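# Survey of secondary and tertiary structure
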Amino acid sequence: MRIPHPREIQVATVDWLDERYPFTKSVDEALYQRVPNFANAFYYCFGGMVFILVVLQLLTGILLSLYYVPDATGIPAPAYTSVNYIQSTVYLGWLIRGVHFWGANILIIMVLLHMARVYWTGSYRAPRELNWMVGVVMLLLILAFSLTGYLLPWDQKAYFATEVTIKIAGLPPPPQLGEFIRQILQGGPVVGPPTLQRFFTIHVFLLPALITLLMYVHFRFIRAHGISEPM
Amino acid sequence: MASLLTSTVVVGLAPILVFLWPAPPKGQKKLAVTVALDKPVDQLANGEAIKFDAPSSPNTAFVMANGGGDNAPGALAFGGFAVKDTQGKAHVFAINCSHLGCPIAYVQASSDHPDTTFDCPCHGSRFHLDGTVLHGPATAPLSDLSWKQGTDPKTIVVDGLELGF
């Protein structure tokens, strides 16, 4: 039997795939887009940098979740000791957590810079208003990420910062509504283990799914509209 | 058709909302908490206060009696002060400031602090030793804790809640 050349295997594989779904066409459409000259300015890169940071957060977050224990019962609580363990014992744990921590901070800065650029170049105008709205929702999601992630180390700063934010979240009138929001967020009479469990679930399951979906929508919109010309 | 859709959504969402509403943890119950002090309350000098904390094993909180401001009757406190005011009347206060709930501190009179008061480190509220406001931003007095003398004279028994976690 003749041994096929690797090139032939590659062509055969791609052909087999393309007969079932037009992968080559889809990839070509996604990649071979001419970038207009005006979009070569550095400030047109802020959105892409946000995307890279979000991917970095997802990767480092998955790694951290291998060691983090979302349990706030007991003194000291496993949530606190596991973060300590990541910082001091896990190989390069300080690095992965550091990237996650600083990535989160820089992410907010980049989101604001990206937003400022979109405002400055008037890229929110018709027909792109919907994409601005999707972006605003994603800004709120990022802030929700920050809020929920801040509690997870379960130290004094995390605990009392969350107590303040939950108190603010419980302010909207009438008092029954505020109390309802507070109970749902807090999961009990005080900020305690149920709160950590809830914030962990929101931070690790709910928000990543939502932001991934919205980023996809955001990018499809950009492709549909093209990059806006500066004013 | 629209009502069918609405009822489907309601039927789907209602169990989720009910599920999210926190059930009381197993083992959460009212508790009369015995707190040991350095000396009996009736032997405190006028203007003297002793700080005490809620026990942490099992995890326990005190229940506020009358609230006021940010505090509410039935709200939880993780500490308190047993104090005899300048008139010689004994009080037991929850530790939370009535402005936004920070733990207050007992500060004795000194050259730059003319009165012995409860001071809040967060926004500078100050309270007389009988719990009334000396200086804002707090507008309501400190919350009392419901208490009685324990069998051992050095203890007081305070209404509390075992949290169950």
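Please refer to the structure higher up on the page.
Residues numbered from 1 in each chain as written. Chains lettered and ligands numbered in written order. Predicted model: local features only at pLDDT ≥ 70, side-chain atom pairs only at ≥ 80, totals over all residues.

## Regarding the overall build of chain A
- Along the backbone of chain A there are 9 helices and 0 strands.
- Each helix and strand of chain A, ordered N terminal to C terminal, gives the series α-α-α-α-α-α-α-α-α.
- Taken against the 2.2 N^0.38 rule, which gives 17 Å for 231 residues, the C-alpha radius of gyration of chain A at 23 Å runs more than 25% over that of a compact globule.
- On the principal axes, the C-alpha backbone points of chain A span a range of 70 × 60 × 30 Å.
- With 231 residues in all, chain A has 23% of them scored as buried. (Helix = DSSP H or I, 4+ residues; strand = E, 2+ residues; numbered from the N terminus. Rg over C-alpha atoms; globule rule 2.2 N^0.38 Å. Buried ≥ 20, exposed ≤ 12 C-beta atoms within 10 Å, placed from the backbone.)

## A few points about the environment of Pro4(A)
All names here are of chain A.
- Assignment of secondary structure puts Pro4 in the segment before α1 (6-20).
- Residue Pro4 is classed as exposed on the basis of its 11 C-beta neighbours within 10 Å.
- Pro4 sits 206 residues away from Leu210 along the chain, and the two C-alpha atoms are 45 Å apart.

## A word on the sheet that holds strand β5 (residues 79-84) of chain B
Residues and elements named next belong to chain B.
- Within the open sheet, the 3 strands sit side by side as β2-β5-β6. Their pairing is antiparallel. Looking along the sheet, the strands with just one partner apiece sit at the ends: β2 (49-53) and β6 (90-94). On average, each strand axis in the sheet is tilted by 20° relative to the strand beside it, whichever way the strands run.
- As paired elements, β2 and β5 share 5 bridges and run antiparallel to each other. Following the sheet pairing, Ile50 is matched in β5 by Ala82. (Pairing = 2+ DSSP bridges. Axes fitted to C-alpha atoms, helices over the stretch in contact; angles between N-to-C directions.)

None of the figures reported here should be taken as evidence of function without further support.
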